[in-house]
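# Breakdown of the fold
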Amino acid sequence: MCPMSGVINNVKMWRFGKPSGAEVLRRCQGPPKDVICTRALQKTINLRLQSDGIYGSLKARRYSFPIKMTGSYKNTWKEKRTSMYYYSISGFNPSFFYSNEPVTDPIEIHKQKLALWFNHLPQEERQFGGYFSPETMHVEPRILERHPDKDRGLSVNLFKTKTNVSTCPSLSMEQLFEPGPNGNMARGLNVLLYGAVGTGKSTVVRKLVLDWCDGSVLSQFKLVLPFSCEDLSHLSKPTSLRDLVGRKYMHLRKTPYLSGDNDMAKDVLFILNGMEKMKLDFRIGSTELCSDPNEALPSGAVVVNLLRKYLLPEASILLTTRLSAVDRVPKKYINRYVQVCGFNDPDRQRAYFTSRLLLQNGEKPGKTAETLIEMLYLNLQRESQLATACFLPSYCWLTCATLHLLHFTDVKAPIRTLTGIYTSFMRLNFGGEVITVDGNVSSQEQENSLMLYVVRTVGQLAFDGITNKRTSFSAEELEQWVGGKTKTDEELRQLAVFRTDVLDFFLVPCNDHGTNLESGERRYAFAVPAMQEYLAALYVVLGENKSVLEKLTRQVSEVFGQASEDITSLLSILSKVIPFRIFAIFNLLKLFPKLFERVNSHSKGRIASTMAAEMFRSEDSFNEDILDQVEQSLLGVHGPQPQQETYTRAFELYPIFMGGLLHYGNRRLLDQLGCNIKSQTVAQITRALKKHLIKESHKKQPPEELMDLLVLLYEFQNPRLTAEVLQSIKTINLSTVRMTPLKCFVLSTVLGCTRSSFHLDELNLSSCHITPELLQMLWPAFNHTCILNLQFNSLGPESCILLRDLLLEPNCTIKSLELCDNYLSDTGISHLLDALSGNHSLQQLSLMHTGLGDSSAQLLAERLGQHDRLKELNVAYNNIGDSAALKLVDACREHPSIHTVHLYLNQLTDVGKQSLYEHGYPRVKEGRRVKVLASVTEGSKISEDWHPILNVIGKNSLSWERKRVREQLLVFLKDLEWGRKQHPSFWKKLHFRRVESVVRQTLRILEKSSDTGTGTGTK
């Protein structure tokens, strides 16, 4: 076997395998085998990397980030690590395999291999752009020398001990192994590093190893040997310490540091990560004493003798574990207890967020990222529930990942979903873990899956809260749902471990309304509100909320199903001897399994109906869309906050998570966690859900609810279901929904699931804060609509280039394009008019209040002849004068299809308006008249279109420039008063006064808004 194959396989495993936390360290502690650098191997590597798509990435990285290579080993390890970070995306660095002078020192080889292995980024970390390294991402958590006995009778919960640890100085890695005043200098130190789930124990160890490799810390140790206790626990054969090290690190098989001679072991540091996953017995009768590193022993006995200092007593040991396993090692064998306390101050949290959100795509920090950091930091300073959750670095990662999804979604990046982020979060913290007691693992690991245990306890609590619309829980409720009924001794021990290690990871004391004033009881809530909805959704989708009928039917079905198989086999034999037809009655036993299938299918239909009912609740129809709610939960609500009671909180993420959990990618991750969602279950839920969604989609939904439906379809990641649901939707109205990169990507992705022949009647994106960058992301969605409404956005002249290209598409179906209230200017209009000659679908074009001047109007008049299908042109509220307006009307009159031109609120004189009406009539008797809308009057007559003119002005008067609108309305009143005096007829005068009252009412609204300060009035 080629020696290089191990490296390549390990690279592939890191790209596609299970990621980080304790699992990352377990993989990191088994480095690849020795590498022989030859041309043949180089060719093999290149071929393999080309097949995996890695080689091109390496070449691109080399071109962008040139690395200075020397012919001798003069580079410091700092330089080597820096060069290696540029290859973090591919997980491979050729500089470690090809050099002019090979490294022969086993210790240096060991450092290279450890650095290469520990620098691999988990798959979850690559969503931040791939420009991060363990060095740039790492923020040191607070590490305190703290004996667990100090918290006996209370809790070692990080959230409850904030006030105690915030004033204590944090320890550095160098201080961990400083000998105490009464220590034995001849013996190495045993340091126990403990902490709750998610505090960063594995990250600290990872950074420690990398810093040792480049020589920045722990220089007193010449050899550092990381081991995973989970790997050691799986060794079935007795192994000596030297063989154990040689098995993991082939280049260290003959190292003299493990011989036990001449106190050489004092330069050795063993790192044993995850002690809670290993059974250690310190009783003399169970684990024999051993001081020979060459004697074969069970792996547990080797670790015990190392801790006893019988085996290599001069060596130092760093042992990491969770809270429940601290007492497994007798106190006399531990020299120092150290607690990892996470980020218990906002400054550390801000440093973490800054390292991950400020650097996007390797460029300079953008204003969006800086604003996010400031808003997030302000929310953390408010002592909010998020600030409590972010004491744990794991929740800081979840916050960063969510904000990165909401604000930095890239069409070129792999598709990410909110459900996928939460599922990855679970895998990062509980990947592959099982409930263990004293290191013992049951043979039925599926039943003892830690994640499944979380779902059946905390998930049941979350589901009960959503059912009863509650977000906080009393201690009695925790005991009811987490403690459950009377249990066996084994189950009680598992429950004790779960409460100590895991329960506080999900539930924290409430910040608001945390204490009931009447009873004085303490209440608890989920650290992140969305976590309650995720766990409740997982609880339902896994089928854990079975009714009594379902549970009874399943048990009866299994009994009778087995009985029917046995009896059928027996009767098939007897029927050959005694052919009595009465035996056929026993076939009735087969009905029971079918009955169970019917009941089970009904259960899946109930899940689908629950999803639809929660999605389209009438009381939630006026809430903001779900993505804005998620953002507000992280960044807080700035400005006046609505008074909303806890019991009225909407759980709109709950059905969306249920849909996202049915996606294959999330089911695959959950299967690794011991939570199996069967494909048959997904098919049954999908069939029932499709009927409910199609039924609801026929109804007119508010824009926010429609956005939530699109998010559900996006999270589901089922193109066929999405296409079938969208077939029943004719109009997508997202007006006033604040579009973000993620929402634009959701809309484009969902519409991209439909056939090319599918077209909406209208896509309304008015007042959605769309910028030119977001317009580019929405391009695929524009190919599926006939009416495109982009009014009241933030489009500029550069946006017209993209709109021009859109209109020039051969399959363009846009009949109406509305660009009102976007400052396009003369430059943008020039780009847009370039599309008239090649477009064959556009019939209505609205350029109202887009900054057009006389030059644009004249250019428009010249270009109209290139497009023979345009029917209506709106250039109202611009800066067009009499001459240009007359030229434009003349061009419209000569056009074969234009019948209406909007010119009101322009710089027109009374004489110019009268001329426009005259120019609208045909020159010859058989000619075609063009309707010109320039004012509410046409000379001494009232215009037929006075109502639509005033209707448009009334809708936009608060957002337009008030002074100019007021002047135009006063001109309308003057024209109406003059026209009224020209008619002696009472009925015509009455008609004039009616129009005057509408104009005066609009004026009063405008003046009232000016007095109260409402509206923008800046455009």
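Look up: the structure comes first, before these words.
Residues numbered from 1 in each chain as written. Predicted model: local features only at pLDDT ≥ 70, side-chain atom pairs only at ≥ 80, totals over all residues. Heavy atoms only, no water.

## Observations regarding the sheet that holds strand E9 (residues 523-526)
Spatially, the 3 strands line up as an open sheet ordered E7-E9-E8, and their pairing is antiparallel. The strands lining the two open edges of the sheet, one partner per strand, are strand E7 (472-474) and strand E8 (507-509). Adjacent strand axes in the sheet meet at a mean angle of 40° when their direction is disregarded. In the sheet, E8 pairs with E9 via 3 bridges, with the strands oriented antiparallel. If you follow Val508 over to E9, its bridge partner there is Ala525. In the packing of helix H21 (residues 489-506) onto the sheet, the strands contacted are E8 and E9, and the crossing angle to E8 comes to about 70°. (Pairing = 2+ DSSP bridges. Helix = DSSP H or I, 4+ residues; strand = E, 2+ residues; numbered from the N terminus. Axes fitted to C-alpha atoms, helices over the stretch in contact; angles between N-to-C directions. Contact = heavy atoms within 4.5 Å.)

## Things to note about the pattern of salt bridges
Applying the stated rule across the entire model yields 22 salt bridges. Here Lys690 makes a salt bridge to Glu724, at a shortest N to O gap of 3.0 Å. With Lys690 in helix H28 (residues 679-697) and Glu724 in helix H30 (residues 719-726), this pair connects stretches of sequence that are 34 residues apart. On the accessibility criterion, Lys690 (27% relative accessible area) is partly exposed. (Salt bridge = Lys/Arg side-chain N within 4 Å of Asp/Glu carboxyl O. Buried < 20%, exposed > 50% of the residue type's maximum accessible area, 1.4 Å probe, protein only.)

## Brief notes about the pairing of strand E12 (residues 785-789)
Judged by how many residues are buried, E12 sits mostly within the fold: 4 of 5 residues are covered. Pairing geometry for strand E11 (residues 760-764) and E12, over 4 bridges, is parallel. Following the sheet pairing, Leu763 is matched in E12 by Leu788. The sheet contact formed by E12 and strand E13 (residues 816-818) spans 3 bridges and is parallel. From the neighbouring strand, Ile787 faces E13, where its bridge partner is Ser816. Taken together, E12, helix H34 (residues 799-807) and E13 form a β-α-β motif whose crossover is right-handed. (Right-handed = clockwise from strand over helix to strand, strands pointing away.)

## Digging into the packing of helix H19 (residues 450-467) against helix H20 (residues 475-483)
H20 packs onto H19 with a crossing angle of 125° between their chain directions and a minimal axis gap of 8 Å. Between H19 and H20, the angle falls in the class oblique. Crossing of H19 over H20 shows right-handed handedness. Facing H19, whose interface residues are Thr457, Gln460, Leu461 and Asp464, H20 presents Glu477, Leu478, Trp481 and Val482. Of the residues in the contact of H19 with H20, the class split is 4 nonpolar, 2 polar and 2 charged. (Parallel < 35°, antiparallel > 145°, perpendicular 65-115°, else oblique. Left-handed = near helix turned anticlockwise from the far one by under 90°. Nonpolar A, V, L, I, M, F, W, Y, C, P; charged D, E, K, R; others polar.)

## What to know about the packing of aromatic side chains
Evaluation of the coordinates by the stated rule reveals 18 aromatic pairs. The interplanar angle of 80° and the centroid separation of 6.0 Å between the aromatic rings of Phe227 and Tyr249 together place this pair among those described as edge-to-face. With a gap of 22 residues between them, Phe227 in strand E3 (residues 223-228) and Tyr249 in the loop between helix H12 (241-248) and strand E4 (268-273) connect regions that are remote in the sequence. Residue Tyr249 is classed as buried on the basis of its relative accessible area of 0%. Each ring, one from Phe282 and one from Tyr333, has its centre 5.3 Å from the other, and the planes form 25°; the classification is stacked. Placement of Phe282 in the loop between E4 and helix H13 (299-308) and of Tyr333 in the loop between strand E5 (316-321) and strand E6 (336-340) is noted, with a sequence separation of 51 residues between them. Taken together through their ring pairs, the aromatic side chains of Tyr395, Phe425, Phe430, Phe505 and Phe506 make up a single cluster. Above the plane of the ring of Trp212 lies Lys111, whose end atom (NZ or CZ) is 5.1 Å from the centre. Between the NZ or CZ atom of Arg350 and the centre of the ring of Tyr377, over which it lies, the distance is 4.4 Å. (Phe/Tyr/Trp six-rings, centres within 6.5 Å; stacked < 30°, edge-to-face > 60°. Lys NZ or Arg CZ within 6 Å of the ring centre and 35° of its normal.)

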